[in-house]
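In case you want the letters, here they are:
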Amino acid sequence: MSVLLRHGVVQCITPPKFELILSSIDTFVKTGKLNKGFETDLRDIQEFYGANIGVTLYEYIRDSTLNTNDTILTSYKKFEKFRGVLDLMSEIFSHDFSKSFVNSIEANSTLKDLVSSGMDAYKRGQSGESTEQDELILSTLALVSKHQTLEFIPFEIELPTSTFDEPKLCDLKVIVENLADDFSQFVGDWKNQMITHLFESFGRMRISELFDIIVDFPESKPALIDLKECLSKVNLDDHLVNTYKASLRKRLLHAGAQTPDIIIQFISTVRSFSIIDQTGRYLKAIMKDITDYLMTREDTIKCLSKMMTEEGGELWEELEDPTVIRTEEEEDEEKPALDSSKPDLIKIFVDMHRGNKDLFINEYKDTLTEKLLKGGFDIEVETRTVELLKIRFGEKALYYCEIMLKDISDSKFINNNINSQLSNEDQLEVKIISRNFWPSSAQETEDVTQHSKLHPSVRDMMDAFQQQYQKLKAPRRLLWQPCLGQIDIIVTIGHSEVPITTNPIDASLLLYFAEDETFTVPKLCELLNISQDVCDKKISHWVKMGLLKMVDQGLYSIQDEYNPDQNETEAVEDSDSNKKGGRQALMRQYDDIVHGMLSTMDSMDASRIHQMLSMVISDPLPTYDYDVQELRVYLQELIEEGVLEIESNMYRLK
Amino acid sequence: MAKAKIVKARLVANWTWNGVNEVCGICHVHLDGCPPEATAKFQTPGDDCPVVWGECKHAFHLTCITKWLGTQSDSQSCPMCRRRWEYSG
Ligand SMILES: [Zn+2]
Ligand SMILES: [Zn+2]
């Protein structure tokens, strides 16, 4: 007892039973057993000393019997059976010594045990089955909580994962607040700590799921709003940025991802981030990773332009949005891009291309060309799109597109006029376009076009139309573009009527064959004014399609009967690639897909191409059921044709 | 005996003033295009930007030659060949 005597309280008063208690504790610490009458003695002492008893006991324990913190903890666990002792421990723990003891590993794990049994006890309490033992555990927990930092308390409420379509944080807050309220009889400020802890652990969880949350956007809005609340309470900014950047690298910014998927995730990221943070700082931190990567892909502009200009495309609503009207004239460079709550995605994408909006317009011009030349005279949709683009990019940028639209509407008028003169039952429809204003895809290359001759029945129609046009629009006249048009013909072969839609030159070729028995390639070259190369390709195409056959070396005629499936195989075996079977030849159907894939991915090995073909083959094509060896043969064919090249087993476009 | 018939032909043609791949000697824009003044006003080629010929056979955008002749104080001459400018038929 010499130690105790050094301290104030004890020095002044020698309390009743105090020595008894101390020796009881002493015995307890050494043997784990309590003396008889301990509880009664303890109560008496408490009455006498009040709050100070804790200090006294703490100092006693520290200075005399116990040398390591771990032992204190062991003792403490044994004490927890006794409510009175708990009160004492409460005071004990209020001293510095608790800080040193929680540093030991064993203390940590013991506390965790304590907390988890506390949680069980709490749950039993909620369902009305709590026992006295439970209450003790809870009190203990409360006491410990009061003085320990919460990092030591595993907060184990089951957190809802992977469903993002409804708010969860609100319910959790209620649970935690109730929990904290229940403990508040023992401790005061636990609630705030507990709630902060909830925000942190819940926020971290949602951040770890952020990629999937953004994939689910906009259904995942509730999860984002929850996350926003967490972010406003605890600082997880760096954690969020680093985690999301890592998941982007792992899950998106690699060769296996399709460009549209990357763009869609980027769009969702921008929209999601505008919910969790209006200052734009997260977006700013991650944006460069995505945009730099997108800029390495050749098809980015094409995808973006498509998404923007196709009704229902991912960026269409941005284009349609009347709140974002920034024509070139009004554009103010000093306006920060991200200050509004609604991010301007189109601006982001244009900025990504160093503000070069013409890239987008040029891409759209190609799309528009295809739509206008292939479609009819109904251009309502395209007109609306061009109007929207004008609002966004200014009239000047869309000047050429406007002229393209006007060409089509003028053509409609001229066609109506001329066809009423010709009474040819609208058999001919001509799109009259202004050269210099359409992209090069609408301009034929000189060598095939100007000099090729078409079948007289086609030429007659053209001449009649030309004549009327010159009457109507003198001194203007027409320069025909025979490669761009399309002619529907019906070829009667044996007992079948075969409808064919093809370009004017191929249509002419078939019309010639339908008139005469046989043709040689040189004769056809002369008639159509095409090179032998071009002619060979055309013939072998129609042989493959089952319309033509070779009757003798270099001599062709129309088939006797139309039987496309059978002829396809024969044709291939007839042709110069004798060594390849029909099955192998059918792989040529994948030319476009392979080309598209390699223009996106730069280079791939055979097994990767194989894997992708197995996935992407879609409806109009038969199911891809080749093995890798067959694929290699096919790819080799493409290499021999100069389409592909191979370097260290990686195929790429030449 | 095989036969074939045309159901419908959808063809494409360029229109042209004279079919020659020629630029206007004044503004150096293609004759089938729009001179700069017309472009600035977003006018369309064709009806908005007619082309005229002189007796000398030189062709210009109407707006271009009109402007040119306006700057010539006394002699109305073709900017290409300096012959006296007369509108052709
Ligand atoms: Zn001119
Ligand atoms: Zn002249």
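Rules behind the numbers
Here the residue numbering is sequential within each chain, running from 1 through the sequence in written order. Lettering of chains starts at A and numbering of ligands starts at 1, both following the order in which they are written. Under the rules for a predicted model, residues below a pLDDT of 70 receive no local features and side-chain atom pairs below 80 are neither given nor counted, while totals for whole chains, interfaces and linings still include all residues. Hydrogens and waters are ignored; side-chain quantities use all the structure's heavy atoms. Secondary structure counts use DSSP, requiring at least four H or I residues in a row for a helix and at least two E residues in a row for a strand, with both numbered from the N terminus. Buried, partly exposed and exposed residues are distinguished by accessible area as a fraction of the type maximum, computed with a 1.4 Å probe on protein chains only: under 20%, between the cut-offs, and over 50%, respectively. Contacts: residue pairs with any heavy atoms within 4.5 Å of one another. Note on areas: these come from Shrake-Rupley sampling with a 1.4 Å probe, and a residue is covered only by the protein chains present in the view. Each metal site is built from N, O and S donor atoms within 2.8 Å (3.2 Å for Na, K and Ca), and since water is not included, such sites may look incomplete. When four donors show all angles between 85 and 135 degrees the site is tetrahedral, when four or six donors have opposite pairs over 155 degrees and all other angles between 65 and 115 it is square planar or octahedral respectively, and in every other case it is irregular. Residues belong to one nonpolar core when they are buried, are Ala, Val, Leu, Ile, Met, Phe, Trp, Tyr or Cys, and are joined through side-chain atoms within 4.5 Å. Each of two parts loses accessible area, computed with a 1.4 Å probe, when they are put together; buried area is these two losses added. Any carboxyl oxygen of Asp or Glu that lies within 4 Å of a side-chain nitrogen of Lys or Arg is treated as forming a salt bridge with it. Two N or O atoms form a polar contact when they lie within 3.5 Å of each other; inside protein one atom must be a possible hydrogen donor and the other a possible acceptor, and for residues adjacent in sequence the pair counts only when both atoms belong to side chains. Only Asp, Glu, Lys and Arg are considered charged in this grouping, and only Ala, Val, Leu, Ile, Met, Phe, Trp, Tyr, Cys and Pro are considered nonpolar; every other residue, Gly among them, is considered polar. Between any two strands, at least two bridges found by DSSP are needed for them to pair. Here an angle of 0 to 180 degrees is reported between the N-to-C directions of two axes, which are lines fitted to C-alpha atoms, with helices fitted over the stretch in contact. An angle below 35 degrees is treated as roughly parallel, one above 145 as roughly antiparallel, one from 65 to 115 as roughly perpendicular, and anything else as oblique. Crossings are assigned a handedness: left-handed for a near helix turned anticlockwise from the far helix by less than a right angle, right-handed for a clockwise turn. Here the aromatic set is Phe, Tyr and Trp, taking the six-membered ring for Trp, and pairing holds for ring centres within 6.5 Å; pairs whose planes are under 30 degrees apart are stacked, those over 60 apart are edge-to-face, and all others are tilted. For a lysine, the NZ atom is tested; for an arginine, the CZ atom; a charge sits over a ring if that atom is within 6 Å of the ring centre and within 35 degrees of the ring normal.

Novice: So what about the overall build of chain A? Which residues, and what values?
Specialist: Helix and strand content of chain A: 32 helices and ten strands. Relative to its 654 residues, chain A shows a buried fraction of 47%. Within chain A, residue pairs in contact and separated by at least 24 positions form 68% of the contacts whose partners lie at least 6 positions apart. Carbon and sulfur atoms make up 48% of the accessible area of chain A, which totals about 32,700 Å².

Novice: Tell me about the coordination of the zinc ion (ligand 2), and please be specific about residues and values.
Specialist: Residue and element names in this part refer to chain B. Within the protein, Cys 56 (SG), His 58 (ND1), Cys 78 (SG) and Cys 81 (SG) serve as the donor atoms for the zinc ion (ligand 2), at 1.9 to 2.4 Å. For the zinc ion (ligand 2), the four donor atoms in the first shell make angles of 104 to 114° at the metal, a pattern classed as tetrahedral. Look at where the donors of the zinc ion (ligand 2) fall in the sequence and you get C-x1-H-x19-C-x2-C. Note that His 58 is positioned in the loop between strand E2 (51–53) and strand E3 (59–61) and Cys 78 in the segment after helix H2 (62–71), a separation of 20 residues in sequence.

Novice: Describe the coordination of the zinc ion (ligand 1), and please don't skip the residues or the numbers.
Specialist: Residue and element names in this part refer to chain B. Donor atoms from the polypeptide that bind the zinc ion (ligand 1) are Cys 24 (SG), Cys 27 (SG), His 61 (ND1) and Cys 64 (SG), placed at 2.1 to 2.3 Å. With four donor atoms in place around the zinc ion (ligand 1) and angles of 94 to 120° between them, the coordination shape is tetrahedral. The sequence pattern describing where the donors of the zinc ion (ligand 1) fall on their chain is C-x2-C-x33-H-x2-C. Of the two residues, Cys 24 is situated in the loop between strand E1 (3–16) and helix H1 (36–40) and Cys 64 in helix H2; the sequence distance between them amounts to 40 residues.

Novice: Before we move on, could you go through unusual backbone geometry and cite the residues and values that matter?
Specialist: Residues and elements named next belong to chain A. For the bond from Phe 217 to Pro 218, the omega torsion is 5°, close enough to zero to count as cis. Along the chain, the position of Pro 218 falls in the loop between helix H12 (210–215) and helix H13 (221–233). Cis peptide bonds are those with omega within 30 degrees of zero, and the linkage from Ala 474 to Pro 475 qualifies with 5°. Considering the arrangement of structural elements, one finds Pro 475 in the loop between helix H24 (456–473) and strand E2 (477–480). A positive phi angle is found at Arg 354, which is not glycine, with a value near 50°.

Novice: Can you tell me about the nonpolar core, naming the residues and giving the values?
Specialist: Residues and elements named next belong to chain A. In terms of nonpolar packing, the biggest core is built from 85 residues, with Leu 240, Phe 273, Phe 349 and Phe 393 touching the most fellow members. Tallying contributions element by element places helix H15 (residues 259–276) first for this core, with eight residues. Excluding anything up to four places from it in sequence, Leu 240 contacts Ile 207, Leu 210, Leu 227, Leu 231, Phe 273, Ile 276 and Tyr 282.

Novice: An account of the interface of chain A and chain B is requested, with residue identities and associated values reported.
Specialist: Of the residues lining the interface, 49 residues belong to chain A; the matching set on chain B comes to 34 residues. When residues of chain A are sorted by the area they lose upon contact with chain B, Tyr399(A), Arg435(A) and Arg476(A) head the list and together hold 18% of the total. Where chain A packs against chain B, one counts five salt bridges. On inspection of chain A and its partner chain B, the count reaches 24 residue pairs in polar contact (both at pLDDT 80 or more). Elements with a contribution of two residues or more to the side of chain A that touches chain B: helix H22 (399–422), strand E1 (428–434), H24, E2, strand E3 (486–493) and helix H25 (504–515) of chain A. Here the side of chain A that touches chain B is built from residues that sort into 25 nonpolar, ten polar and 14 charged. Of the strand pairs in this sheet, E1(A) and E1(B) are connected by seven bridges, and their pairing is parallel. Bridge assignment links Val430(A) to a residue of E1(B), and that residue is Leu11(B).

Novice: Please provide a residue-by-residue account of the environment of Cys230(A), values included.
Specialist: Residue and element names in this part refer to chain A. Along the chain, the position of Cys 230 falls in helix H13. Residue Cys 230 is classed as buried on the basis of its relative accessible area of 0%. On a C-alpha basis, the gap between Cys 230 and Glu 200 in space is 6.6 Å, while along the polypeptide they are 30 residues apart. The contact partners of Cys 230, leaving out residues within four places of it in the chain, are Leu 169, Phe 199, Phe 202 and Gly 203.

Novice: Quick rundown of helix H19 (residues 345–352) of chain A? Include the residues and the values.
Specialist: All names here are of chain A. Burial runs high along H19: six of the eight residues are buried. Those residues of H19 not exposed but buried are Leu 345, Ile 346, Ile 348, Phe 349, Val 350 and Met 352. Looking at the buried side of H19, the elements it contacts are H15, helix H16 (281–295), helix H17 (300–309), helix H18 (316–320), helix H20 (357–374) and helix H21 (380–393). The N-cap of H19, judged by a side-chain oxygen 3.3 Å from the amide nitrogen of Ile 346 a few residues on, is Asp 344.

Novice: Give a detailed account of the packing of H25(A) against helix H27 (residues 532–544) of chain A, specifying residues and quantitative values.
Specialist: All names here are of chain A. At a minimum axis distance of 11 Å, the contact between H25 and H27 shows a crossing angle of 70°. Between H25 and H27, the angle is such that the two are roughly perpendicular. With respect to the hand of their crossing, H25 and H27 are arranged in right-handed fashion. Contacts between H25 and H27 involve Ile 505, Asp 506, Leu 509, Leu 510 and Phe 513 from the former and Lys 538, Ile 539 and Trp 542 from the latter.

Novice: How would you summarise the pairing of strand E4 (residues 496–502) of chain A if you had to cite specific residues and measurements?
Specialist: All names here are of chain A. Burial of E4 is one-sided: the residues Ser 496, Val 498, Ile 500 and Thr 502 facing one way are buried, the residues Glu 497, Pro 499 and Thr 501 facing the other way are not. Note that E3 and E4 share seven bridges and pair antiparallel. Bridge pairing in E4 places Val 491 opposite Val 498. The hairpin turn running from E3 into E4, its antiparallel successor, is two residues long, and Gly 494 in that turn takes a positive phi close to 55°.

Novice: Can you break down the environment of Leu510(A) residue by residue, with the values?
Specialist: Residue and element names in this part refer to chain A. Relative to the assigned elements, Leu 510 resides in helix H25. On a C-alpha basis, the gap between Leu 510 and Ile 558 in space is 8.4 Å, while along the polypeptide they are 48 residues apart. Once you skip the residues sitting within four places of it in the chain, Leu 510 turns out to touch Ile 489, Ile 500, Trp 542, Leu 547 and Leu 548.

Novice: Now, about the packing of aromatic side chains: what can you tell me, with residues and values included?
Specialist: Residue and element names in this part refer to chain A. Applying the stated criterion across every chain yields a total of 14 aromatic pairs over all chains. Here Phe 513 and Phe 519 contribute two aromatic rings whose centre-to-centre distance is 5.1 Å and whose plane-to-plane angle is 80°, an arrangement assigned as edge-to-face. Classification of Phe 513 by relative accessible area gives buried; the value is 1%. Residue Phe 519 is classed as buried on the basis of its relative accessible area, which comes to 5%. A connected cluster of aromatic rings, assembled from ring pairs, spans Phe 211, Tyr 244, Phe 273 and Tyr 282. Here the basic side chain of Arg 281 rests over the ring of Tyr 282, its NZ or CZ set 4.8 Å away from the ring centre. Cation over ring: Lys 431 sits above Phe 377, and NZ or CZ is 5.6 Å from the ring centre.

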